[in-house]
Amino acid sequence: MKPKVLVTREVFDDVLEYLSKHFEVISNQSDQPMDAETLASKLSDKQGAMITLSERIDATLLSRCPNLKAVCNIAVGYNNIDIEACNKAGVMATNTPGVLDDTTGDFTWTLILATTRRLTEAEAYLRAGQWDGWKLKQFLGLDVHHATLGIFGLGRIGQVVAHRATGFEMKVIYHDVRRAVSEIEEACRASFVSKEELLSQADIVTIHVPYSSATHHLIGKAELKQMKSTAILINASRGGVVDDVALIETLRSGTIAGAGLDVFENEPKFNPEFLGLKNVVLAPHIASSSKATRHKMAMLAAENLVAALTTGKPPNLLNPL
Ligand code: GLV
């Protein structure tokens, strides 16, 4: 008898076909988000699951899934999975590192350029029929070329963002919990600075750290105050790394120039106050969403699930047991 697995959200057909060769697959192709109770009841008799960042895997859920051996996230970030609870329950957890770095880095630049050049604000004006001609001072933005880019987190995605800065002839500074090796610093042309130096010197502050209790509100009221009044903040990492209430206050008072956000606290129920602000570019957590990359992510998660339940050695195991 094939092991039973749950695919919690819609995936690509060929990914399901691949999984079906190995498993009896129960899949939520209608893509209805599942609450904790539905997820627990659907998972209770399964050996494995392919999940997304919208599903929380914790001790309460695991206590109801005695047969579960593996949960495979279709995401590189895995703050939706309680790794300690997985360890206790003997459940392997995996993520999808590597395959989304370039696409997420590209989207970070989409946010940087759209925010500095006020693109969504200008487009809304045009769509509303308000454009009555060229004006010298219309939608004055900020230059990206030759500006200083400040990167929090020079991991895989942070490095991609740094590489892309070369074409804009920018100065790149970064801060991280650990300083990168000199080969990485040289390849990225990035100089290590303190958190305070980054905040006070950067024209563009962009965040590429994982979310955890250590990075919760890494950027809050005090940090936003240290930024230049002409600077912008970009977040394509995780909601919760930025204190959204503090950011809204800061954007409203014009203490910084703007923000570009792909992620929010309490997604998808983000703070509605953002909608009333013109100096913020908003996106619904799509940084990795190119057709090719989302397919690679889903296939890698499927490969992890197959390896976990057949060999016990998935390539992207987060918790060697
Ligand atoms: C997306 O947010 C991911 O972590 O892959």
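Conventions adopted
- Residues numbered from 1 in each chain as written.
- Predicted model: local features only at pLDDT ≥ 70, side-chain atom pairs only at ≥ 80, totals over all residues.
- Heavy atoms only, no water.
- Near = heavy atom within 4 Å.
- Polar contact = N/O pair within 3.5 Å; in protein donor to acceptor, adjacent residues only side chain to side chain.
- Areas by Shrake-Rupley, 256 points an atom, 1.4 Å probe, with all protein chains shown as cover.
- Pairing = 2+ DSSP bridges.
- Helix = DSSP H or I, 4+ residues; strand = E, 2+ residues; numbered from the N terminus.
- Axes fitted to C-alpha atoms, helices over the stretch in contact; angles between N-to-C directions.
- Contact = heavy atoms within 4.5 Å.
- Domains from an automatic or database assignment.
- Buried area = accessible area lost by both parts, 1.4 Å probe.
- Salt bridge = Lys/Arg side-chain N within 4 Å of Asp/Glu carboxyl O.
- Buried < 20%, exposed > 50% of the residue type's maximum accessible area, 1.4 Å probe, protein only.

### Some words on the site of the ligand
Okay, so step 1: The environment of the ligand is made up of Leu53, Ala75, Val76, Gly77, Leu100, Arg238, His285 and Met297.
Okay, so step 2: Within the side chain of His285, an N or O atom sits 2.7 Å from an oxygen atom of the ligand.
Okay, so step 3: In the complex, 88% of the free accessible area of the ligand, which totals 190 Å², lies under the protein chains.

### So, the sheet that holds strand β9 (residues 204-207)
Okay, so step 1: One open sheet holds the seven strands; their spatial order is β8-β7-β6-β9-β10-β11-β12, and the pairing between them is parallel. Both edges of this open sheet fall to β8 (190-192) and β12 (280-282), since each of them pairs with a single strand only. Direction aside, the axes of adjacent strands within the sheet are offset by 20 degrees on average.
Okay, so step 2: In terms of strand pairing, β9 meets strand β10 (residues 232-235) through four bridges, oriented parallel. The residue bridging Ile207 from the neighbouring strand is Asn235, located in β10.
Okay, so step 3: Relative to the sheet, helix α7 (residues 156-164) contacts β6 (148-152), β7 (171-175) and β9, its axis offset from that of β6 by approximately 170 degrees.
Okay, so step 4: Helix α11 (residues 244-253) rests against β10, β11 (258-261) and β12 of the sheet, and its axis sits at about 140 degrees to β11.

### Brief notes about the domain arrangement of the protein chain
Okay, so step 1: For the protein chain, the assigned domains are domain 1 (4-99 + 291-310) and domain 2 (101-282).
Okay, so step 2: The gap between the C-alpha centroids of domain 1 and domain 2 is 31 Å.
Okay, so step 3: Taken together, the contact between domain 1 and domain 2 spans nine residues of the former and five residues of the latter.
Okay, so step 4: Of the roughly 580 Å² buried at the junction of domain 1 and domain 2 (both faces included), carbon and sulfur atoms supply 44%.

### Quick look at the pattern of salt bridges
Okay, so step 1: Counted according to the given criterion, the structure contains 14 salt bridges.
Okay, so step 2: Residue Asp31 is joined to Arg9 by a salt bridge in which the shortest nitrogen-to-oxygen separation is 2.9 Å. You can see Asp31 sitting in the loop between β2 (24-27) and α2 (36-43) and its partner Arg9 sitting in the loop between β1 (4-7) and α1 (13-22), a full 22 residues away along the chain.
Okay, so step 3: Relative accessible area serves as the criterion here: at 27%, Asp31 is assigned to the partly exposed category.
Okay, so step 4: Across the pair Arg156 and Asp101 runs a salt bridge whose closest N-O atoms are separated by 3.6 Å. Of this pair, Arg156 sits in helix α7 while Asp101 sits in helix α5 (residues 101-116), placing them 55 residues apart in sequence.
Okay, so step 5: Residue Arg156 is classed as partly exposed on the basis of its relative accessible area, which comes to 47%.
Okay, so step 6: Under the relative-accessibility criterion, Asp101 is labelled buried at 10%.
Okay, so step 7: Salt bridges linked by common partners bring Lys4, Asp45 and Lys46 together as one network.

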